[in-house]
Amino acid sequence: MPSEAPLTLVTMLGSLRRGSYNAAIARSLPELAPPSVTIAALGSVGDFPLYNADLQAEGFPAAVRRVGEEIGAADGLIFVTPEYNYSVPGVLKNAIDWLSRLPEKPFKHKPVLIQSASPGLLGGARAQYHLRQMLVYLDTYAMNVPEVMVNQVASKVDETSGRLTDQASRDFIAGQLKAFVAFIRDMQAFARDRPSRA
Ligand code: FNR
């Protein structure tokens, strides 16, 4: 049955911090995913050099090519990111800029999910809407709702295990992942029906 075909999702993390709360959430996703869904971390955006068209002209860096291929091969992409100054961290923007220049266009028509976390009250909401604006130009299929913005995250993560432990957040994220799987299957059926959109 096509509806039971396994799916592979990949996560792109917007923080380079060792003790990152967002990393704790990304790390917890595999155990919150529906059956037959694999979730794997992409290479770190910290391995990307600062975007420079002169560097690109010499050839895409290996780290950029590798992540581009991993996104291209995945059924869906999940951004998990902090908010910096009401927007996305520069390291994430830099990675998106590099990947957007790949001739294979790894973001095009890719189902995308967004999650953010912050010690503050809004959970990174403002960064999400800046990211969504970029996703328009990249022509992704970004799922709109439910939105996951984990606020006051410091009290919801166990620093020792580096995992999201707050049960309400875990349940909500599990629900979002379930919705994302249904969304991906809809998008895949849409592409099958209209091959020119694939
Ligand atoms: C922040 N932080 C922050 N938080 C927020 O909710 N809205 C914001 O606009 C900002 N801006 C901001 C700018 C910069 C430069 C830093 C370093 C931090 C706080 C941020 O949410 C906090 O450091 C998180 O812990 C970062 O996420 P990770 O690294 O724990 O995943």
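Residues numbered from 1 in each chain as written. Predicted model: local features only at pLDDT ≥ 70, side-chain atom pairs only at ≥ 80, totals over all residues. Heavy atoms only, no water.

Caption draft 1: Inspection of the site of the ligand at higher detail. In the vicinity of the ligand lie 13 residues, with Ser15, Arg17, Ser20, Glu83 and Ser118 positioned nearest. At a separation of 2.9 Å, an oxygen atom of the ligand approaches a polar backbone atom of Tyr21. At 2.8 Å, a backbone N or O of Tyr86 approaches an oxygen atom of the ligand. When isolated, the ligand has an accessible area of 620 Å², and the protein chains bury 71% of it. (Near = heavy atom within 4 Å. Polar contact = N/O pair within 3.5 Å; in protein donor to acceptor, adjacent residues only side chain to side chain. Areas by Shrake-Rupley, 256 points an atom, 1.4 Å probe, with all protein chains shown as cover.)

Caption draft 2: Layout of the packing of aromatic side chains. Summed over the entire model, instances satisfying the criterion amount to four aromatic pairs. Taking 6.0 Å as the distance between ring centres and 65 degrees as the angle between the ring planes, the aromatic pair formed by Phe60 and Trp98 counts as edge-to-face. In this pair, Phe60 sits in the loop between helix 2 (53-57) and helix 3 (62-73) while Trp98 sits in helix 4 (residues 90-100), placing the two residues 38 residues apart along the sequence. Here Phe60 and Trp98 have matching classes, each one buried. Between the aromatic rings of Tyr141 and Phe190, the centroid separation amounts to 6.4 Å while the plane-to-plane angle is 70 degrees, which identifies the pairing as edge-to-face. Of the two residues, Tyr141 is situated in strand 5 (residues 141-142) and Phe190 in helix 6 (residues 167-193); the sequence distance between them amounts to 49 residues. An aromatic cluster is defined as three or more aromatic residues linked by ring pairs; in this entry it consists of Tyr51, Phe60 and Trp98. The cationic tip of Arg17 hangs over the ring face of Tyr21; the distance from NZ or CZ to the ring centre is 5.1 Å. (Phe/Tyr/Trp six-rings, centres within 6.5 Å; stacked < 30°, edge-to-face > 60°. Helix = DSSP H or I, 4+ residues; strand = E, 2+ residues; numbered from the N terminus. Buried < 20%, exposed > 50% of the residue type's maximum accessible area, 1.4 Å probe, protein only. Lys NZ or Arg CZ within 6 Å of the ring centre and 35° of its normal.)

Caption draft 3: Broad picture of the nonpolar core. Grouped together as the largest cluster of nonpolar side chains are 29 residues, with contacts concentrated most on Ile25, Leu29, Ile39, Ile78, Ile173, Leu177 and Phe180. Elements that contribute at least two residues to this core include exactly strand 1 (7-13), helix 1 (21-32), strand 2 (37-41), strand 3 (76-81), strand 4 (111-117), strand 6 (148-150) and helix 6. If one sorts the elements of this core by residue count, helix 6 sits on top with seven residues. The residues contacting Phe180, other than those within four sequence positions of it, are Leu9, Gly76, Leu77, Ile78, Pro111, Val112, Leu113 and Met143. (Core = buried A, V, L, I, M, F, W, Y, C linked by side-chain atoms within 4.5 Å. Contact = heavy atoms within 4.5 Å.)

All we've got here are geometric facts, nothing functional implied.
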